[in-house]
Amino acid sequence: YPLRRQRQMCIRDRRSSEKFLSVLQGMMAGARDHYRCEFPQPIPVKLRYLQQECAGAIYNISMDGACIEIAGRNPLPRVNGVITLSFQLPQQKHTHMITGEVCWTQKGEGDSKHGHNSGVRFTCLDEHSREILWQFISAMAQNKLVEQK
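What you see is a predicted model, and the numbers here were worked out from it, not measured in a lab.

### Thoughts on the pairing of strand β2 (residues 52–61)
In terms of strand pairing, strand β1 (residues 37–49) meets β2 through 9 bridges, oriented antiparallel. Across the sheet, proline 44 pairs through a bridge with alanine 57, a residue of β2. Remark: 2 residues form the turn of the hairpin made by β1 and β2, two consecutive strands paired antiparallel; leucine 50 in that turn has positive phi of roughly 50 degrees. Taken together, the 5 bridges between β2 and strand β3 (residues 65–70) define a ladder with antiparallel strand orientation. Note on β3: the bridge partner recorded for isoleucine 61 is alanine 66. Turn length for the β2-β3 hairpin, with the two strands adjacent in sequence and antiparallel, is 3 residues.

Have a look at this one:
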């Protein structure tokens, strides 16, 4: 009897895990429907575009891309232009170097309070970075689901 009960519990746990993964994959699938991981504090990022380098911040990230802010004193990135992001995710040592395409821009003020905002679609994401990013976003999504219960 106890062995049968343990087997039933394992089957139920497996189904629960499969359901969770299905929901998570659904959240992260689709072009604009990718789950976006919002950061309470923006992540510092080094940017290279228009033959210059500058610092910025990542406000959210998905498997597809990121929303970044660049100080208003820097030139506005060009839509459809190439941009390279170099950053570390919170509590991780791996530096990601990801090339992307600027999808949209919003011109900011010239002061340091209101920078330019841009959406970047990742176009060149190596397998190692993809795996780390997937694990990070999955863990953040799982935490968010737990908080909502």
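What follows continues from the structure just given.
### Description of the sheet that holds strand β6 (residues 116–124)
Taking strand neighbours around the barrel as the criterion, the 6 strands line up as β1-β2-β3-β6-β5-β4 in a closed arrangement whose pairing is antiparallel. Neighbour to neighbour, the strand axes of the sheet diverge by 45 degrees on average, direction disregarded.

### Thoughts on the pairing of β1
Of the pairings in the sheet, the one linking β1 to strand β4 (residues 82–88) comprises 4 bridges and is antiparallel in character. The residue bridging lysine 46 from the neighbouring strand is serine 86, located in β4.

What counts and how
- Residues numbered from 1 in each chain as written.
- Predicted model: local features only at pLDDT ≥ 70, side-chain atom pairs only at ≥ 80, totals over all residues.
- Heavy atoms only, no water.
- Pairing = 2+ DSSP bridges.
- Helix = DSSP H or I, 4+ residues; strand = E, 2+ residues; numbered from the N terminus.
- Axes fitted to C-alpha atoms, helices over the stretch in contact; angles between N-to-C directions.

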